[in-house]
Amino acid sequence: MVKSPGDALLVAARILIVLIVTILVVSLVAVGIGIGVLLSIGQNKVYELISKAGAPEEAFWVVIAGFALGMVAIGFAASFFRVLHQIILSVDHGDPFAPANADRLRRMGWLGVGGQLILLPTGAIVAWVAPYLRKLGEPVDIDLGLDPAAILLILVLFILARVFERGAAMQTDLEGTV
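Residues numbered from 1 in each chain as written. Predicted model: local features only at pLDDT ≥ 70, side-chain atom pairs only at ≥ 80, totals over all residues. Heavy atoms only, no water.

Re the environment of Asn44
Right, on to step 1. Mapped onto the elements of the fold, Asn44 is located in helix H2 (residues 43–50).
Right, on to step 2. Classification of Asn44 by relative accessible area gives exposed; the value is 62%.
Right, on to step 3. Between the alpha carbons of Asn44 and Glu57 there is a distance of 8.6 Å; along the sequence they are 13 residues apart. (Helix = DSSP H or I, 4+ residues; strand = E, 2+ residues; numbered from the N terminus. Buried < 20%, exposed > 50% of the residue type's maximum accessible area, 1.4 Å probe, protein only.)

In structure tokens form, the structure reads like this:
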């Protein structure tokens, strides 16, 4: 197939996705370092800070769990964009209906499902911690419920995966008859 390196949309998309993945990886490392710092400071020192808000001792581990869930969510997002980058590269190389792209779209759908599911326990943690943060004067206004637009995107990805499977099969049939 023909490679199309001059397609401005594909070039811009590749650059943007590489930038997004880089930011996500840096964020992943930063959250990991944050967990390490909290663990190294120790539960007692952190509890001294949060006890001012009336938080119970288990708040330390709830916060650690929240950070860990955040790392998982960031990992899902980075993987999602890496897979999207692979699809863009295949389009750039002139083979968008490759069977691998159907698998990639399906993988993106499952990453989206995972991302939505991780919001449920994360939202519960934020709801549990928010009153204590407000007592410390920290504004907390985070909505981590299921996102209808994300659910629609997930459905579209699974449907597109089937469309790409059919497109790849038709392309194979066509190549076999020529």
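A closer look at the side chain of Arg104
Right, on to step 1. Locating Arg104 in the fold gives a position in helix H4 (residues 99–135).
Right, on to step 2. Of the side chains with opposite charge, Asp103 comes closest to the buried, unpaired Arg104, at an N-O distance of 7.9 Å.
Right, on to step 3. A polar atom in the side chain of Arg104 sits 2.7 Å from the side chain of Asn101.
Right, on to step 4. Contact partners of Arg104, with chain neighbours within four places excluded, come to Val83, Gln86, Ile87 and Ser90. (Lys, Arg positive; Asp, Glu negative; His and termini not counted. Salt bridge = Lys/Arg side-chain N within 4 Å of Asp/Glu carboxyl O. Polar contact = N/O pair within 3.5 Å; in protein donor to acceptor, adjacent residues only side chain to side chain. Contact = heavy atoms within 4.5 Å.)

What about the layout of surface pockets?
Right, on to step 1. The volume enclosed by the largest pocket comes to roughly 580 Å³.
Right, on to step 2. In terms of lining residues, the largest pocket is bounded by 31 residues, among which Ala59, Val63, Phe67, Val129 and Leu133 are the most central.
Right, on to step 3. Breaking the lining of the largest pocket down by element, the ones donating at least two residues are helix H1 (8–41), H2, helix H3 (59–92) and H4.
Right, on to step 4. Top contributing element to the lining of the largest pocket by residue count: H4, with 10 residues.
Right, on to step 5. The residue makeup of the lining of the largest pocket, split by class, is 26 nonpolar, three polar and two charged.
Right, on to step 6. Estimates place the volume of the second largest pocket at around 280 Å³.
Right, on to step 7. Around the second largest pocket, the lining is made up of 13 residues, and of these Ala77, Phe80, Leu111, Gly112 and Gly115 lie nearest the centre.
Right, on to step 8. The residue makeup of the lining of the second largest pocket, split by class, is 10 nonpolar, three polar and no charged. (1 Å grid on protein atoms, 1.4 Å probe; cavity = no way out; pocket = protein on both sides within 12 Å on 5 of 7 lines; lining within 4 Å. Points joined across faces, edges and corners; volume = space filled by probe spheres on them. Nonpolar A, V, L, I, M, F, W, Y, C, P; charged D, E, K, R; others polar.)

So, the confidence of the model for the protein chain
Right, on to step 1. Averaged over all residues, the pLDDT of the protein chain equals 88, while 96% of them reach at least 70.
Right, on to step 2. The secondary structure element of the protein chain with the lowest average pLDDT is H2, at 76, and the one with the highest is H1, at 94. (pLDDT = per-residue confidence, 0-100.)

Some thoughts on the packing of aromatic side chains
Right, on to step 1. Throughout the structure, instances matching the rule amount to five aromatic pairs.
Right, on to step 2. Relative to Trp61, the ring of Phe60 has its centre 4.8 Å away and its plane inclined at 85°; by these criteria the two rings are edge-to-face.
Right, on to step 3. In this structure Phe60 comes out as buried when scored by relative accessible area, which is 3%.
Right, on to step 4. Judged by relative accessible area, which is 46%, Trp61 ranks as partly exposed.
Right, on to step 5. Both rings, one in Phe97 and one in Phe164, keep their centres 4.9 Å apart while their planes meet at 40°; by these two values the pair is tilted. In this pair, Phe97 is assigned in the loop between H3 and H4 and Phe164 in helix H5 (residues 148–177), connecting sequence segments 67 residues apart. (Phe/Tyr/Trp six-rings, centres within 6.5 Å; stacked < 30°, edge-to-face > 60°.)

Observations concerning the environment of Phe80
Right, on to step 1. Tracing the sequence through the fold places Phe80 in helix H3.
Right, on to step 2. Excluding its chain neighbours within four sequence positions, the residues that come into contact with Phe80 are Met108, Leu111, Leu153 and Leu157.

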